Structures are given as structure tokens and as C-alpha cells.
Protein chains: 2
Amino acid sequence: MRRPTIMDIAKAAGVSKGAVSYALNGRPGVSESTRERILTIANDLGWAPSNPARALAPGGRVGAIGMVVDRPARSLGIEPFFMQLVSGVETELSDQGVDLMLQVAEDVEAELAVYRRWAAERRVDGVVMVDLRVSDPRPEMMGVLPLPAVLLGGPEGAGGLPCLYTDDGVPMREVVHYLAAMGHRRIVRVAGPEDFVHTHSRTEAFRQAAERSGLLQARTVHADYTGEAGSRTTRRLLAEAEPPTALVYDNDLMALAGLGVAAEMGIEVPSQLSIVAWDDSALCQMVRPSLTAVSRDVVSHGRRVASMLNAVLTGQRVESEETLPGELRPRGSTGPLVV
Amino acid sequence: MRRPTIMDIAKAAGVSKGAVSYALNGRPGVSESTRERILTIANDLGWAPSNPARALAPGGRVGAIGMVVDRPARSLGIEPFFMQLVSGVETELSDQGVDLMLQVAEDVEAELAVYRRWAAERRVDGVVMVDLRVSDPRPEMMGVLPLPAVLLGGPEGAGGLPCLYTDDGVPMREVVHYLAAMGHRRIVRVAGPEDFVHTHSRTEAFRQAAERSGLLQARTVHADYTGEAGSRTTRRLLAEAEPPTALVYDNDLMALAGLGVAAEMGIEVPSQLSIVAWDDSALCQMVRPSLTAVSRDVVSHGRRVASMLNAVLTGQRVESEETLPGELRPRGSTGPLVV
DNA sequence: TTGAAAGCGCTACCAA
DNA sequence: TTGGTAGCGCTTTCAA
């Protein structure tokens, strides 16, 4: 059986297509009585708007937004961050009857290609971007492409895109002071890729907090968020002549890997080594010792950024917003140094 | 600037819209020379087909397929299975210029509602379904809905849907015999939800293998794939008067949680307790001891199931296929019982 | 308030 | 081989 169209409804109701469209979209132009009649018939017929037709009509929207993720494929599966974000984005979207297109890209170039294609083929109405990089080509491109975008990150380097940003300085200071207060002096941060903007700002916050606490040996090394890199880096650090007594990781995956390496090397956590994770997924509470972590509400970030994009798409003026700062959740993996 | 349309190309080339359409879609009806000229112009103009227009045209396809996932939201983020699957599905799809719509649903009812909406609004050309349940309402519904579907799972209960299925009996026997050979007698399997078909068939395989090995005390208990459930269940089992000496988990998340509980209870792995995980994500190699796991190539499953759906969408006759059986990867979490 | 009609960009059919 | 044209289902403008 053919899908019913507004024409079918119009015939059944004995009115014109136009009237049906008005009635269905709740806009003036039909009397209350006809509107009601039309609605009933539409319902009886099991009518639903054809999305392609809606999108094609002048001024029409596609009713979908896109998200492309480019991170090492190996880490993607386990990285809790994205699914949480997706889940938050969707919660907001489904209220508006908007769908989510997801793409995994190899690198920034591929990501740009996806945006270009989406814009050219009119696949989505807008996109949510994450993982802003230092001198990221995306904001500039979005200025050219007819593809509205909002950014989770920034605001530095956002190039005028509305963004939802976080001040990692607050939790970073909290972490450093907490570790310093417990007597840690040699603290190393295992950060994400150097060219991420948020990596950068965390590095700066870490440096300042360490300086203020007089931790001259504090430093940051870079890895790529994968467990493998986390393991490798941790192994190298713990094998140094004067190994760190506390490690601060930029995500929970690397922290988990670090915990594994400590166990493998016979270094006890937390009596000989304290570990702090960033991003507090359920993973952190599942391992032993449980991981002290900086917790932020990623699902809510997803919701908010989706709502911002939605505002942009409905033609509203959208200001960048700041999230609540992450919070330190002390657990079993941190403690005073036992000499 | 307006997006260029085939009409623009037609004007520039001095031919008709129809000719342009033929040329662009590589079908007969134009001479080689005009085709080439049209292609060049299209390229120069930066033309790309409007997806809504294509979809709306008679016989047109939307160029997107959908996937809806309903599992507890908490586990979703960490569950490596889905992102790996998504990643595989996309690899296959992007070759065909097809996009992926992703939705997270609360329960089967919500999932069905999504399919209904997608079909009614013509949002996707077809769907990939996962997590087949005992007396699952989805296959039957797909028979009614004009929405092609393929299933990762089955083949029992697939209700005629083409499916990509796995015989978990092979690896299950391998696991049980391996544990039995190392002297384990009290083996408990911490399974996924009881109403999943694959849970069911694994349970049966487990029962048979245990019986054959003379393991009278082997049994299956159910949890819901989340770390929390994994912890709780493990804690309960290990607190029994005659606790199991080996635990086989249905996913790696619960296995990880189980490992944590063992540590928390001072039970040493593997000397006092062996742990086997199902689904071998990078997580298994990151913890200490590393987790023995049944490994299957989820990414490749994703690719294959996407390719099957694609075949269905192009009107080909598609037969169900069987995947390679999972393989046991022995690691640090299993070993002979030390009494 | 209602009805008729013109697009939106593309595909596919039918004459020429 | 070509060009013209009729939809696809919807929104919106313009008359009636």
C-alpha cells in the first residue's frame, strides 16, 4: 500500500492540499473545525510527512544534524566520552524530531571532506564539532560552507562559531593542590594530543598550578588517548631514575592503562603512586583500586550543545556558553606517599 | 551563492536536464563527448546531487541507513561493542556514499517507534538490527513496515530477515574445556539478559559443554551487561559457601568489573579464580592481570552486515551468512587452580 | 477562510 | 542520441 500523502488527506476531507498543509503544521489559514477534521483524517490514514519532500520544499529543513568523530579507531570503541556525548545530543534532538548522522573519519582532512559532502548534498542541517585543534581548519571552513555549526570546546580558536566551553583550570588546580597537599612533588601529566586546544589549556593550567605549589618537577608529556599509548608512556615514566609519584591522565582510558602498568611493574597504587583520571566514566569505579577522577557531565554537555545548534538552525542569535567546571572525585587511586 | 543544480549545468552545456541526469548517473542516453563535457562543467560548478531531491524522485533512495541501540544508557558509553560495530558499518557504507543514522532507545517499544517513524517519514532506506530477543516483536514488524532490515544475530527467531549469525557454541566449548582441563569444576557463567537470543544459545552451549566435561556444578546466572551488575553478581557468587573457581562473562565490561571485585575481596586471579571475558576489546589487555577473552571481529561483522543490507537495498537476493567463530585468547586471568 | 498553482532538484519516460 | 515533460510530496504565495 502506498504511503498516504497530503493529497489523499485533502481528497478525503474535500479540501485543498494547501489547507491540509496549514492544518497539519498548526498555522493560521484554516478554521478550527476544518483543522480538526483534517487532523483526524490524517491520523486515521496514518499519515506522516515525507522527509525528503519537506526538505526539498523551499526553506525546508532536512531534520538531521551531523557529528563526525576523528580519533584513532582503536580508542573510539572504548572511549566512553563519545557515546555519552551522542546520547546527550540525541536526548535533546529527539524532542525536536531531529535525527543524528554519525561518521567516523580518519583525520581532519577526511572530516572536512565529510562536511563538504554533507553541505553539498544537503544531508544535514548543521553539525556539532568536537576536539578543536590548534589552528584548526574547520572553523574557517564553516564560515564558507553553508553549514551551521556549533562547537564543543574553545572558545579560543573557535573563529566565531558559537561554542560550549569548559574552564579546565578550576579542576586542574584542584587536582594539583590536592596531590601537592598529600606530599607529591614529582607529578607528571599524561596529556592528550598536543594539538588539541583543550590539551593546551589544560597544560597551561597544570603548569601554573604546579608553579604556584612550588612543584618544580611537574611536567606534561603527550600521548594519544589510546590505552596503548597510555601504557607505553606510563611504563617509560615509571622506569625513570626518579619516577613520578603521581600521574594525571587526560582521559580515563589512559589512566586505566596506567593502573595496569603499575600493577605489572609491582608499583603499588596509591601507596607508591597516585593516579588521577580525567572523565569519570563507570570504568573508574569498576577497577581496583578505583580511580580518582575529574568528573564532568558529558551527557548534559551533549544536550546543551545540541540545543545551541537547534537555536542556530531556527534562526536565533546564539551566544557561547560555559559549562560547570569538572569536579574532582577522590577515590582509591590517590593518597599520601608512603615512604 | 545558490547551490548549482542540474539545470545550471544543462544551460551551461546547452543541453537538456535529462541529458545531464543521464550523463551524471553514468547511464546510456548521451554520447561520450557530451557526457564528458557535462561532467567537466558539473565539476567546475562544484555540483553535487541534492539528496532530498534524489530521494523524492520516483524510485529514489534516501542514501542513509539506520541503527537503533537499546541497552542501558550507563553501559552504552563504555560498551566497546557498539562503536566497533558502527565503525565497521560505516567503513562499508561510506564506499557507497551512504550515511548512518544512530538512535539510542530506552526499550524495545521505543525502538519500534523509531522504526515506524523512520519508515513513515522516509528517513532511511533500511536498518541494521542487533540484540535479537526471544519472541522479539521486531522481525514481525519489519514484515509489515516498508523498511528493509538485516539482522546481526539469529538465525533462530529472525523471522525471515537476512541475518549474519555466529555459532557461539564453538568458542563456548573451547572455553569450558580449557577451564575444565585446568582443573576447574565450579564454573559459573555471568550472562547477559535472559531474553536475548544469543544469551540463550550460549547458555545452551555452555550447559552442553559443561555436561560433556562432567561439570555438574556449572551454571549460568544473568546480569544486564553493565559493570554495576557485573560487580554485584560477582560479589554474590564469590560470597557463596562454595564459590566458583572460574567465571565466564558474556561481555568484557562485566568481566572487568568481576576482576575488580575479586581484587576488592582479596581473591587472587588467576591462582584462586579464573576469569574469561567475551568480546575482546582493548580493555582486556589494559588491565592486570590481562583478561582471557573470546575474540570476534566486530568491525568486520559491521562491514558484512552493512554490505548485506546494501545488497537488499539494491534489490539483490540475500542469503543469511555465518561469521567465523570467536576465538579464545588466553591471557593472564586464567590458569590452573592453586590449592 | 479556501483553492489553485508554482516551485524545490532530480529521475525517467516519451517523442522527436 | 537528444529534448521536453510529468511527476515525487510538500510549503507557500496569490487569487478568489
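Please read these numbers as outputs of a predicted model, since none were measured by experiment. (Residues numbered from 1 in each chain as written. Chains lettered and ligands numbered in written order. Predicted model: local features only at pLDDT ≥ 70, side-chain atom pairs only at ≥ 80, totals over all residues. Heavy atoms only, no water.)

A. Spatial organisation of the sheet that holds strand S10 (residues 292-295) of chain A. Residues and elements named next belong to chain A. The strand order across the open sheet formed by six strands is S7-S6-S8-S9-S10-S12, and the pairing between neighbours is mixed. Because the sheet does not close on itself, it has two edges, and the strands there are strand S7 (219-222) and strand S12 (327-329). Neighbour-to-neighbour, the strand axes of this sheet turn through a mean angle of 20 degrees, independent of strand direction. Examined bridge by bridge, strand S6 (residues 187-191) and S7 share four bridges and lie parallel to one another. The residue bridging alanine 191 from the neighbouring strand is histidine 222, located in S7. Taken strand by strand, helix H9 (residues 169-181) contacts S6, strand S8 (246-249), strand S9 (274-278), S10 and S12, and its axis lies near 175 degrees from that of S9. Packed onto the sheet, helix H12 (residues 252-264) meets S6, S8 and S9 and runs at close to 160 degrees relative to S9. (Pairing = 2+ DSSP bridges. Helix = DSSP H or I, 4+ residues; strand = E, 2+ residues; numbered from the N terminus. Axes fitted to C-alpha atoms, helices over the stretch in contact; angles between N-to-C directions. Contact = heavy atoms within 4.5 Å.)

B. Structural view of the side chain of serine 281 of chain B. Take serine 281 of chain B: it is sitting in the loop between strand S9 (274-278) and helix H13 (283-286). Those residues in contact with serine 281 of chain B, other than ones at most four positions away along the chain, are Pro80, Gln84 and Asp252 of chain B.

C. Representation of the UniProt feature "domain: HTH lacI-type" (unreviewed entry) in chain A in the model. Those places that UniProt annotates as "domain: HTH lacI-type" (unreviewed entry) correspond, in this numbering, to residues 4-58 of chain A. Secondary structure across residues 4-58 of chain A comprises 65% helix and 0% strand; the distance between its end C-alpha atoms is 22 Å. (UniProt positions renumbered as here; feature names shortened; annotations may be inferred.)

D. Molecular detail of the pattern of salt bridges. All names here are of chain A. Tallying each qualifying case throughout the model produces 48 salt bridges over all chains. Between arginine 331 and aspartate 280 there is a salt bridge; the shortest N-O distance is 3.0 Å. Of this pair, arginine 331 sits in the segment after S12 while aspartate 280 sits in the loop between S9 and helix H13 (283-286), placing them 51 residues apart in sequence. Aspartate 280 matches arginine 331 in its accessibility class, with the two residues each being buried. (Salt bridge = Lys/Arg side-chain N within 4 Å of Asp/Glu carboxyl O. Buried < 20%, exposed > 50% of the residue type's maximum accessible area, 1.4 Å probe, protein only.)

E. Here's a closer look at the packing of aromatic side chains. Residue and element names in this part refer to chain A. In this structure the tally under the stated criterion is six aromatic pairs over all chains. Ring centres of phenylalanine 196 and tyrosine 225 lie 6.0 Å apart, and the angle between their planes is 25 degrees; on these two criteria the pair is classed as stacked. With phenylalanine 196 in the loop between S6 and helix H10 (197-212) and tyrosine 225 in the loop between S7 and helix H11 (227-238), this pair connects stretches of sequence that are 29 residues apart. For the pair phenylalanine 196 and tyrosine 225, one class covers both residues: buried. (Phe/Tyr/Trp six-rings, centres within 6.5 Å; stacked < 30°, edge-to-face > 60°.)

F. Region of the structure containing the relation of the copies chain B and chain A. The two copies are related by a screw motion: chain B maps onto chain A through a turn of 180 degrees and a shift of 0.0 Å along the axis, at an RMSD of 0.1 Å. Each copy turns onto its partner about a two-fold axis. In this assembly the copies share their binding face: 98% of the residues contributing to the interface of chain B also contribute to that of chain A. (Least-squares fit on C-alpha atoms with pLDDT ≥ 70 in both.)

G. Fine view of the packing of helix H2 (residues 17-24) of chain A against helix H3 (residues 32-45) of chain A. Residue and element names in this part refer to chain A. Between H2 and H3, the least distance of the axes is 9 Å, while the angle of their chain directions is 85 degrees. For the element pair H2 / H3, the angle class is roughly perpendicular. Contacts between H2 and H3 involve Ala19, Val20, Tyr22, Ala23 and Leu24 from the former and Arg35, Ile38, Leu39 and Ala42 from the latter. Considering only residue class, the contact of H2 with H3 consists of eight nonpolar, no polar and one charged. (Parallel < 35°, antiparallel > 145°, perpendicular 65-115°, else oblique. Nonpolar A, V, L, I, M, F, W, Y, C, P; charged D, E, K, R; others polar.)

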